[in-house]
Structure formats: structure tokens, C-alpha cells
Amino acid sequence: MTFTLSNLKSITLLSAVSLLTPVIITEPAQAASFNTNLIQTQVQPLYTTTGNPDDYLVSPGTGYDGVAQLSLGGFWGSSCTGGLLGTGAHILTAAHCLTDDFGNLNISNGTATFELTTGDVNLSIANIFVHDDWTGGLENGYDIAILELTDIAPDTVDRYDIYRNKNEVGKIGKKVGYGGSGNGNVGDVFWDGLKRSGQNRYDASGDLFNQLLSDNFSDSLLAYDFDNGLAANDAFGYWFGDDYADLGLGLNEVSAASGDSGSPTFIDGAIAGVTSFMLRVYYLDGISSDIDDALNSSFGEFSFDTRASSYTNWIDDILTRWQPPTPPVVDNPVPTPPVVNDPGDDIDENLPSDDDIADDPIDNTPDDEIPDNPDDSIGDDSPSDPVSVPEPRSLAGLMAFATGLWLTKKKKVSR
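Each chain carries its own residue numbering, running from 1 in the direction its sequence is written. Per-residue local features of the predicted model are confined to residues with pLDDT of at least 70, and side-chain atom pairs are confined, for both listing and counting, to 80 or more; whole-chain, interface and lining totals are unaffected and use all residues. Hydrogens and waters are ignored; side-chain quantities use all the structure's heavy atoms.

Trainee: Lay out the overall build of the protein chain with the relevant residues and their values.
Mentor: Numbered from the N terminus, helices here are DSSP runs of H or I no shorter than four residues, and strands are runs of E no shorter than two. The number of helices and strands found in the protein chain is 3 helices and 18 strands. For the exposure calls, accessible area comes from a 1.4 Å probe over protein chains only, and a residue counts as buried if that area is under 20% of its type's maximum, exposed if over 50%, partly exposed in between. Here the protein chain, with 415 residues, has 48% of them falling under the buried criterion. Only the protein chains shown count as cover for residues, and the accessible areas themselves come from Shrake-Rupley with a 1.4 Å probe. Carbon and sulfur atoms form 52% of the exposed surface of the protein chain, whose accessible area is close to 20600 Å².

Structure below.
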């Protein structure tokens, strides 16, 4: 799906959520049986940290200036994250940042903010590309979108390629985003609008969860859990057994949180995953790998990224069809510099310049047969070289200005 912001006036906002209230979608009880108890799940579209959140802050100029905070307009407005692609004019993010629960676009404008050493750069969003198969079902995949900016980002803003190898499982990725934060023991407890980063390992593709929950989980998802080094809170080990047990990366480990939606996970400097949603699995009696009883980016929960390598053709098609903006055409010619006569030249300073004379240039030497009379120095009555007449753009500009005076600017909505 492709949307142009100028056409959004006809779109009806189907739902609105307070900026201060995280969105929590509770899935219906699954009919899967596990250890004789029914399993329940909670899923939330989205970095909480293992250690002090201040230790994970990202400073400008450290290689992640191309990770932008997205301020997305709408009835309430919201905040997400995205990564700048190679064109410098496109941002990869999550589709659910831009749509309602059914995949319908529900934003009217937006801005991407890049934090640089020289200060913030804000660029507006011109066009939106949402994958045609996105219908709002997070577990199905397709939670991917591209934002086209009105201008190309400055050359100093980092650009990123897509990770194109399907060998992500088992690899450690670097996650960067603007979401909520907190320690994994308490979960996502505050949002300060700052960029943070950390690591996590992709433990499996999404289709593994079809063994546990349903048949709808796609292999175009990449899954990881939030570990604290304790087996009791190792979600993969707890729910899928010793073959998937992994106690984590210690203080380097982070997990997605509200506002990190759309944020990139990097492998070898390329975007391998796009933050999509979180999942909490628990028995009806409340027992779970989760360290607490809430879906809040705490230890023991799962998170899922959209697998970028599953959508390379879709991404490449949008980028290759894009035409970079051309420089504006200058209507007025560059003025001809005035002729500066040599002090010893006895040519009358009132004579026209050589470029304005149709005949041969004047050679004002003693043997010159051309009379000294300026009027006779022109060989005939031919006009001077034509000069372009500027189009009446200045008048149109004045009219537009006058009209303007008469007619007198992790998602913080959690995703």
C-alpha cells in the first residue's frame, strides 16, 4: 500500500489512545495444551536494559545518527523509531506505527528527527509505503513500512543497507531505539525521549511458536527473549526446552519497549530486523518465565522483529523507482560583468560592449578605418544579442504572499 500525505484528509481515525497509556492487546486464550494447563498470551507492539539505563545512551557521531525518532501525526500523535536507508530519503520502520489494528492508515503527517553533533535535523514525511499484505496481524509478519522524506538527509547522517542473508538466528544484533526504558526487573517504567542501544541474540524464527501457540506465526519474524542470567526467567529455555536455553549476554542485553517500534537491529552494520511486538506467555494459574505478572518489557518476555531479509525485493522495488529531486531551474541568466576599459584605451566609455556589437570588434589603433564617432563605430543597425526576459514569477510570488497573509505546526502511544 502506498499513501501520499496530501490525500489523508478522507481517512477516518478509528481509534485513539492517550499518549500516557501503553497499548496492551490481550490475545484470546489459545486452544493449545501445554503441561495439561491452558496457555494465555499477551502481546504488545513496541529498550529496557539489564543495567542502569543511563549506561546505554547513544551519543551523536557514534555511527547511529541515521536512527531517527519519528513523530507521527494523527488525532493524538505518537512516537516510533526508524532507520535511514541508502537513498538518504527513505526510512524503514514498522507498519503498525502508521495504521490501526486492521492495517488501515491512520496518520496525517509526520517528522523524522536526526540527532547530529551539529544539532537536530527535522525532515517531513511526504509518502508512506506499507506492505500490501499487512492487515494488522502481528504474528503473520508484514509489519514493515517505508517513509519517503520531502528532502534528502544531510550527507553527515548515516545510511544503512539491508541485511540480506537468512542466517540471522544465533547471531547477536545491535538494537538502537527511542523507546521507553527501565531495568528488566521492573520493566518499561519511564520515557525520556533519548536514544539507547544494546544487544540481544536472535534465538529462533517466528514459526517456532506454532509448536506452542498457534499456526499463524510466520518465519518472516525473528524472535528473542530478555534474559537476566537465571534459568527461571529464560523464556526460550522455559517454554521450548534445553535446546533453546540461553542465559543471555549479561549487562549488554536489552529488550524492546514502547516507542521502539520500527527501530532497527543491526548485524554487520546492516538492518536485519525491525522491532515489531512483545509477547508474554503464561499459564492460567499465572506461572510464567516472566519475572512479574505484566507485559512490560521485563525479564522473561519474548520480543519479535520483522525479518528484513524476507522483504528485500519489496524494499528494493520502492527504492529503485524513486527519482531524486532535481535542482531548481534558474530562469534569469547570470548578468554579464561590466567591461573595464584599460586606462590607456581611448574608447569612449559610453560605447556599447563588444558583445553588443554585431560586426567585428573595435580595434581602436591609429590605422583603424573606423571613424571615432561612436554612432559610426557600429557597422549596421543590427540589434544587440538577445537577452532573456524573466518570466513573471516575482508577481506570482507577491500574489501568493498576499494570499498567505490573508489566510493567515518504543511510539509514545505505545506500539
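Read on for the rest.
Trainee: How would you summarise a nonpolar patch on the surface if you had to cite specific residues and measurements?
Mentor: A contiguous nonpolar patch, built from Val186, Val189 and Phe190 and spanning about 250 Å² of accessible area, is present on the exposed surface. Considering the arrangement of structural elements, one finds Val186 in the loop between strand 11 (172–177) and strand 12 (196–201). The class of Val186 is partly exposed, set by a relative accessible area of 46%. For patches, a residue must show more than 30% relative accessible area and have no salt bridge; joins then use 9 Å for like charges and 5 Å for nonpolar side chains, namely Val, Leu, Ile, Met, Phe, Trp and Tyr. Any Lys or Arg side-chain nitrogen found within 4 Å of a carboxyl oxygen on Asp or Glu counts as a salt bridge.

Trainee: Quick one: what's the story with the environment of Asn296, residue by residue and with numbers?
Mentor: When you line up the elements, Asn296 lands in the loop between strand 17 (270–283) and strand 18 (302–307). Sequence separation of Asn296 and Leu279 is 17 residues, and the distance between their C-alpha atoms is 9.6 Å. Within the structure, Asn296 has its side chain in polar contact with the side chain of Asp292 (distance 2.9 Å). Any N or O atom pair separated by 3.5 Å or less is treated as a polar contact, with the protein-specific requirement of one donor-capable and one acceptor-capable atom, and with residues adjacent in sequence counted only for side-chain atom pairs.

Trainee: Go over the nonpolar core, please, and point to the residues and values.
Mentor: If you look at soluble globular proteins, the nonpolar side chains tend to sit buried side by side. We define the nonpolar core as a collection of buried residues of types Ala, Val, Leu, Ile, Met, Phe, Trp, Tyr and Cys that are connected through side-chain atoms lying within 4.5 Å of one another. Counting 65 residues, the largest nonpolar core has Leu98, Phe114, Phe209, Phe302 and Ile315 as its most contacted members. Setting aside anything within four residues of it in sequence, one finds Phe209 in contact with Ser214, Phe217, Ala223, Phe236, Phe240, Leu279, Phe302 and Phe304. Counting residues in each nonpolar core, the second largest holds 8 residues, with Tyr163, Tyr202, Ile267 and Ala272 among its members. Note on contacts: a residue pair is in contact if any heavy atoms of the two residues lie within 4.5 Å.

Trainee: Can you break down the state of the cysteines residue by residue, with the values?
Mentor: We call a pair of cysteine sulfur atoms a disulfide when they lie within 2.5 Å. The final tally for this structure, using the stated rule, is 1 disulfide. Cys80 shares a disulfide with Cys97; S-S distance 2.2 Å. Disulfide Cys80-Cys97: the torsion about the S-S bond is -100°, which places it as left-handed. Taken together, the residues Cys80 in strand 6 (residues 78–84) and Cys97 in the loop between strand 7 (90–93) and strand 8 (110–116) connect sequence positions 17 residues apart. Classification of Cys80 as buried rests on a relative accessible area of 0%. Take Cys97: its relative accessible area is 0%, and that puts it in the buried class.

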